[in-house]
Amino acid sequence: MDRKHLAMALSRIPDPPDPETKREQVRTPGDLAADFLRLARDHDSLEGKRVVDLGAGTGVLAIGALLLGAERAVAVEVEPRLLEIAQAAAENVGVGESFIGLEADVSRLEPAVVNEHMDGPVDLVIMNPPFGADRRSRHAGGDRVFLSLALRLAPVVYSLHLAETKAFLSAYAQDAGFRFEVLKEMDFPLPARFAHHRSNLQSKRVVVARYTRDRK
Ligand code: SAH
């Protein structure tokens, strides 16, 4: 599937409805999701892979991975109503049988529980976790629990993060025995409620990070 058709298919996946203010729910736009997934495909291939999407929202990354040939995608999300939308969206594009919704809180989830939904070891984690983009909130840096679980789940992890947290992420990865690289930087549009601005949309600089477990 080429970039344009992937981006179009992913753009049709619904946004989270009236997002809760307590949690940051900003879906990845279709074109950004397509670029993110194509980077994963080009570096590690998605063909036949077992993939986990942490904080899956309405499923854009998990569904996109399946469209690019992944064998199974487990989508972990704490909000069941978002998983329902994701499941329907997966069915709409013909990948419903390979899409597994798992309602769970990432901060309390054990890797073994995720593995129960896979028929083998997890190959790849792909995620756009909450950034903690609103620095005034106590959720700033909310992506850390996601990273902690991701690095325990799979030898290869792709994630979107605020560019300003790069140094932290690199040190974190190294401590956990992973190599950290930034594959791309891009502007991520944020709805006004996360911005300090009056404008409707402000964007944040984000990075696509790839983590790979060091061979021992
Ligand atoms: N990955 C999706 C959604 C990104 S928004 C996309 O790219 O479009 C982040 C998502 O993480 C939201 O849907 C939010 O409900 C979910 N989330 C936040 N905290 C969570 C937690 N502790 N456990 C599981 N999901 C969580």
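Residues numbered from 1 in each chain as written. Predicted model: local features only at pLDDT ≥ 70, side-chain atom pairs only at ≥ 80, totals over all residues. Heavy atoms only, no water.

1. With respect to helix H4 (residues 80-92)
Here's step 1: Look at H4: 18 Å from first C-alpha to last across 13 residues, which is about the 18 Å you get at 1.5 Å a residue.
Here's step 2: Turning to H4, its buried residues number three or more, namely Leu82, Leu83, Ala86, Ala89 and Ala90. The buried residues of H4 all sit within an arc of 120 degrees when viewed along its axis, so they share a single face. More than 90 degrees from the buried face of H4, the exposed residues found are Glu84, Glu91 and Asn92.
Here's step 3: Each element contacted by the buried residues of H4 is listed here: helix H3 (60-67), strand S2 (72-77) and strand S3 (99-103).
Here's step 4: One or two positions beyond H4, positive phi appears at Gly94, with a value near 85 degrees. (Helix = DSSP H or I, 4+ residues; strand = E, 2+ residues; numbered from the N terminus. Expected span 1.5 Å × (residues − 1). Buried < 20%, exposed > 50% of the residue type's maximum accessible area, 1.4 Å probe, protein only. Arc of directions from axis to C-beta. Contact = heavy atoms within 4.5 Å.)

2. Remarks on the site of the ligand
Here's step 1: Inspection of the region around the ligand gives 20 residues, with Thr28, Gly55, Glu77, Asp105 and Val106 positioned closest.
Here's step 2: Within the backbone of Gly55, one N or O atom sits 2.7 Å away from a nitrogen atom of the ligand.
Here's step 3: In the environment of the ligand, an oxygen atom lies 2.7 Å from a nitrogen or oxygen atom belonging to the side chain of Glu77.
Here's step 4: Among the residues making up the shell around the ligand, the classes are represented as nine nonpolar, five polar and six charged. (Near = heavy atom within 4 Å. Polar contact = N/O pair within 3.5 Å; in protein donor to acceptor, adjacent residues only side chain to side chain. Nonpolar A, V, L, I, M, F, W, Y, C, P; charged D, E, K, R; others polar.)

3. Side note on the pattern of salt bridges
Here's step 1: Tallied over the full model, the rule gives 13 salt bridges.
Here's step 2: The closest approach of N and O atoms between Asp42 and Arg41, which form a salt bridge, is 3.3 Å.
Here's step 3: Note that Glu79 is salt-bridged to Arg81, the shortest N-O span being 3.0 Å.
Here's step 4: Judged by its relative accessible area of 7%, Glu79 is buried.
Here's step 5: Linked through salt bridges whose partners overlap, the residues forming this network are Asp44, Arg179, Glu181 and Arg210. (Salt bridge = Lys/Arg side-chain N within 4 Å of Asp/Glu carboxyl O.)

Functional significance is not addressed by these values, which are geometric in nature.
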